[in-house]
Amino acid sequence: MSEIEIGRNKRGRRSYSFDDVAVVPSRRTRDPEDVSTAWQVDAYHFDIPIFAAPMDSLMSPATAIELGRHGGLGVLDLEGLWTRHEDPTAQLERIANASEGEVVQVLRDAYAAPVQPELITARIGELREAGVTAAGALSPQRTQEHWRTVVDAGVDLFFIRGTTVSAEHVSSDREPLNLKRFIYELDVPVIVGGCATYTAALHLMRTGAAGVLVGFGGGASHTTRETLGIQVPLATAVADVAAARRDYMDESGGRYVHVIADGGLGRSGDLVKAIACGADGLMVGAALARAEEAPGAGHHWGSEAHHPVLPRGHRVEVGTVAPLEQILYGPGLNAEGTTNLVGALRHAMATTGYLDLKEFQRVEVVVTT
């Protein structure tokens, strides 16, 4: 691939965000009603390829259940407010009402309470009792501490999610999580990430993960690029990881690992382009934080925002747009791509002539910049 000379001592590969690319219609079009947005992870079937990110601003047990009933998957943050407080309503109100000058401290105070294993069990139990797929996420740092509680509670899909997760973490003062051994010993599918390069993704796939999350440094509430200088534009990242998926299938004799775009999917067009670049599924944050039912009351933040020593995110105001069902299935309220996300995806697939998500990954893409 061609590289650009940054200076005499450094070269870099050109990469692209979703704003830099667009899909191209083919010679065939279809009716949107004929298009399927269904997909499957291990034994779990979903009507739509939308996972809600494990962020307290959009996912509570109630909203995870509602999304599950609408055909998607809500992933609970098992280190979030819902596993630290019996009723986090007061903490959520303080975060939403805090001024810009005090919000970091308010976030830190809300998340200072310890994670309670009994609340992990209770929250996963709520999902199971409702009859939806129970999914929860831990950071790599907390996985060894709480994984047994999560599995014993009956989680269906286990996410290990961090800003960046590698298959080979090196530490001089503690025993790191051995992902390959850990995943092998579990009886539930594990989805792990983020990652953003071909090599990192290939190594994560070799651990036995059922899926990898692609992306870091993006998203409405992240400031990883500003704080750490780390970012890979997501169109390039998804396409690179999709190539790793293809090569790993050849290497493993046909084992398929799902690629899930994670971050920077604020509008319906971003969802369309993520799948066009090779994603199987979509982990959505800000787009669902705009729902009337979202716990953040029109505000959005992630775990990076309350880091005790180095915040890499902030609380952002995304507004309240519509009920969750309308955000997913319409009717759309405007032409901004914030409502009827699934309808937009179906129309894009129909306009370009593709029947299902796997076919749509082959759509032609052009660079628009």
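Here, every reference points to the structure presented above.
Reading the values: rules and limits
- Counting restarts for each chain: residues are numbered from 1 in the order of the written sequence.
- It should be noted that, the model being predicted, local features are given only for residues of pLDDT at least 70 and side-chain atom pairs only at 80 or more, the latter also being counted only at that level, while totals for whole chains, interfaces and linings use all residues.
- Excluded from the side-chain calculations are hydrogens and water; all other atoms, namely the structure's heavy atoms, are used.
- Pairs of strands are assigned from DSSP output, requiring at least two bridges between the strands.
- Labels follow the DSSP assignment, with helices taken as runs of H or I lasting at least four residues and strands as runs of E lasting at least two, numbered in each case from the N terminus.
- Fitting a line to C-alpha atoms yields each axis, with helices limited to the stretch in contact; the angle taken between N-to-C directions then spans 0 to 180 degrees.
- Working rule for contacts: check all heavy atoms of both residues, and any pair within 4.5 Å makes them a contact.
- Any angle between 65 and 115 degrees counts as roughly perpendicular, while under 35 counts as roughly parallel, over 145 as roughly antiparallel, and the rest as oblique.
- By definition, any crossing whose near helix is turned counterclockwise from its far helix by less than a right angle is left-handed, and any crossing with a clockwise turn is right-handed.
- Just so you know the grouping, Ala, Val, Leu, Ile, Met, Phe, Trp, Tyr, Cys and Pro go in nonpolar, Asp, Glu, Lys and Arg go in charged, and all remaining residues, Gly too, go in polar.
- The term salt bridge refers to a side-chain nitrogen of Lys or Arg lying within 4 Å of a carboxyl oxygen of Asp or Glu.
- The cut-offs for exposure are 20% and 50% of the maximum accessible area for each residue type, with area from a 1.4 Å probe on protein chains only; residues under the lower value are buried, those over the upper are exposed, and the others partly exposed.

### A short note on the sheet that holds strand 13 (residues 281-284)
The sheet built from eight strands closes into a barrel, its strands ordered 6-7-8-9-10-11-12-13 with parallel pairing. Direction aside, neighbouring strands of the sheet carry axes that sit 25 degrees apart on average. As defined by bridge partners, strand 11 (residues 211-214) adjoins strand 12 (residues 258-262) across four bridges and the pair is classed as parallel. Bridge assignment links G211 to a residue of strand 12, and that residue is H258. Running over the sheet, helix 7 (residues 198-205) touches strand 10 (190-195), strand 11 and strand 12 and is turned about 165 degrees from strand 10. On the sheet, helix 10 (residues 268-276) packs against strand 6 (50-52), strand 12 and strand 13 and is oriented at approximately 145 degrees with respect to strand 13.

### A closer look at the packing of helix 2 (residues 89-97) against helix 3 (residues 103-110)
Interaxial distance between helix 2 and helix 3 falls to 9 Å at its minimum, and their mutual angle equals 170 degrees. As the angle between them shows, helix 2 and helix 3 are arranged roughly antiparallel. Along this stretch, helix 2 crosses helix 3, giving a crossing that reads as left-handed. Between helix 2 and helix 3, the contacting residues are Q91, R94 and I95 on the first element and V103, V106, L107 and A110 on the second. Here the residues of the contact of helix 2 with helix 3 are counted per class, giving five nonpolar, one polar and one charged.

### Re the pattern of salt bridges
The full count for this structure, using the stated rule, is 13 salt bridges. In this structure, R246 and D247 form a salt bridge, with 3.0 Å as the shortest nitrogen-oxygen distance. Close ionic contact of E336 with R267 constitutes a salt bridge, the shortest N to O distance being 3.9 Å. Here E336 is found in the loop between helix 12 (324-329) and helix 13 (341-352), whereas its partner R267 is found in the loop between strand 12 and helix 10, with 69 residues between them in sequence. On the accessibility criterion, R267 (34% relative accessible area) is partly exposed. By sharing partners, the salt bridges in this structure join E3, E5 and R11 into a single network.

### Details of unusual backbone geometry
Here the residue pair G193 and G194 is connected by a cis peptide bond, since its omega of 15 degrees sits within 30 degrees of zero. Counting through the fold element by element, G194 comes out in strand 10. The omega torsion across G330 and P331 is 5 degrees, close enough to zero to call that bond cis. Here P331 is to be found in the loop between helix 12 and helix 13. Phi is positive for D42, which is not a glycine, with a value near 55 degrees. Here D42 is to be found in the loop between strand 4 (39-41) and strand 5 (44-46). The residue N340 is not glycine, and still its phi comes out positive at about 60 degrees. With respect to the secondary-structure elements, N340 resides in the loop between helix 12 and helix 13.

### Thoughts on the pairing of strand 2 (residues 10-13)
For strand 1 (residues 3-7) and strand 2, the ladder comprises four bridges, and the chain directions are antiparallel. Within the sheet, the bridge partner assigned to E5 lies in strand 2 and is R11. Between strand 1 and strand 2, which pair antiparallel and follow one another directly, the connecting turn spans two residues.

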